Amino acid sequence: MLPATEALPVFQTVEEFERWEREHSMDGNYEFVRGRLIRKETVQQAEAYLYAFLFRRFSETAAYHRGDVLMAKAEVYVDEFRRRIPDLVHFSTEQLQAIREGNRVGTAFAIEILNSSEKHEDVLERLQDYFDGGARLVWYTAPPVDTAKRRKIYVYTSPDESKAFKGGEVISAAPVVPDFEFVVGELFA
């Protein structure tokens, strides 16, 4: 929660917000999008098995064995006015080195687990931001409590191009992590 005892300053850039954030105690994670703060929810227990499944499958990839990571709730930078926090984000070994050197990086691949409070406009804005920041692939999956017919993963290769995968179909994170693939139904089993 944002501090209730003081008025929140108006921030123009990610840098201004992060400078203020380092000096003030805040509960939770916040995205910064053109002056707006957007609270990012924690992982819900109902989603835990989705994260566990995805982490396990990623650990079987060549990218993982090279040193790439799939992380939960890590910051990705779009530009000086936008910082997003995907539910899961892929960082290559090169990106991790850039982070160690103090650079801000985007991601080539992000995964979002939709929640019931997200509006369609929020999804579209987030997609645009990821691709503006260099993403080549974004997966959106319906909440795990949804009905079986809505258990799909929407794969975006641009903000305007997507394909839905469900049931026995095989989904792949190619071209970013080509061997990160599985049958969609296994994610929801």
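To be clear, the structure that these remarks concern was listed above.
These figures come from a predicted structure and were not determined experimentally.

Asks: Just to check I follow, could you spell out the overall build of the protein for this structure?
Replies: Assigned secondary structure in the protein consists of six helices and twelve strands. Since a compact globule built from 189 residues should have a radius of gyration of about 16 Å, the 17 Å found for the protein is in line with a globular shape. Principal-axis analysis of the C-alpha atoms gives the protein an extent of 50 × 35 × 30 Å. The proportion of buried residues among the 189 residues of the protein is 43%. If you take every contact in the protein between residues at least 6 apart in sequence, the share linking residues at least 24 apart comes to 54%. Here the protein has roughly 10000 Å² of accessible surface; of this, 50% comes from carbon and sulfur atoms. Within the protein, the 32 negative side-chain charges are centred at a point lying 4 Å from the centre of the 24 positive side-chain charges.

Asks: Mind showing me how you'd approach the sheet that holds strand β1 (residues 29-33) here?
Replies: The strands making up a sheet associate through hydrogen bonds between their backbones, and the pairing can be parallel or antiparallel. The strand order across the open sheet formed by four strands is β2-β1-β5-β4, and the pairing between neighbours is antiparallel. Sheet topology places β2 (36-40) and β4 (76-79) at the edges, where each strand pairs with a single neighbour. The average undirected angle you get between the axes of adjacent strands in this sheet is 30°. Where β4 meets strand β5 (residues 82-84), three bridges bridge the pair, whose relative direction is antiparallel. Considered in β5, the bridge of Y77 is made with R83. The strands touched by helix α1 (residues 14-23) are β1, β2, β4 and β5; relative to β5, the strand with the most contacts, the crossing angle is about 60°. Across the sheet, helix α5 (residues 120-132) is in contact with β1, β2, β4 and β5; its angle to β5 comes to roughly 105°.

Asks: Honestly, empty space enclosed by the protein in this entry has me stumped. Any pointers?
Replies: Empty space among the atoms becomes apparent when a probe as large as a water molecule is rolled across them. Enumeration according to the criterion identifies one cavity of 30 Å³ or more in this entry. Taken as a whole, the largest cavity spans an internal volume of roughly 40 Å³. Forming the boundary of the largest cavity are V76, Y77, V78, G106, T107, D129, Y130 and G133. Looking at the lining of the largest cavity, the elements that each hand over two or more residues are β4 and α5. Counted by class, the lining of the largest cavity contains four nonpolar, three polar and one charged residues.

Definitions and cut-offs
- Residues numbered from 1 in each chain as written.
- Predicted model: local features only at pLDDT ≥ 70, side-chain atom pairs only at ≥ 80, totals over all residues.
- Heavy atoms only, no water.
- Helix = DSSP H or I, 4+ residues; strand = E, 2+ residues; numbered from the N terminus.
- Rg over C-alpha atoms; globule rule 2.2 N^0.38 Å.
- Buried < 20%, exposed > 50% of the residue type's maximum accessible area, 1.4 Å probe, protein only.
- Contact = heavy atoms within 4.5 Å.
- Areas by Shrake-Rupley, 256 points an atom, 1.4 Å probe, with all protein chains shown as cover.
- Lys, Arg positive; Asp, Glu negative; His and termini not counted.
- Charge placed at Lys NZ, Arg CZ, Asp CG, Glu CD.
- Pairing = 2+ DSSP bridges.
- Axes fitted to C-alpha atoms, helices over the stretch in contact; angles between N-to-C directions.
- 1 Å grid on protein atoms, 1.4 Å probe; cavity = no way out; pocket = protein on both sides within 12 Å on 5 of 7 lines; lining within 4 Å.
- Points joined across faces, edges and corners; volume = space filled by probe spheres on them.
- Nonpolar A, V, L, I, M, F, W, Y, C, P; charged D, E, K, R; others polar.

These figures come from the coordinates and say nothing about function on their own.
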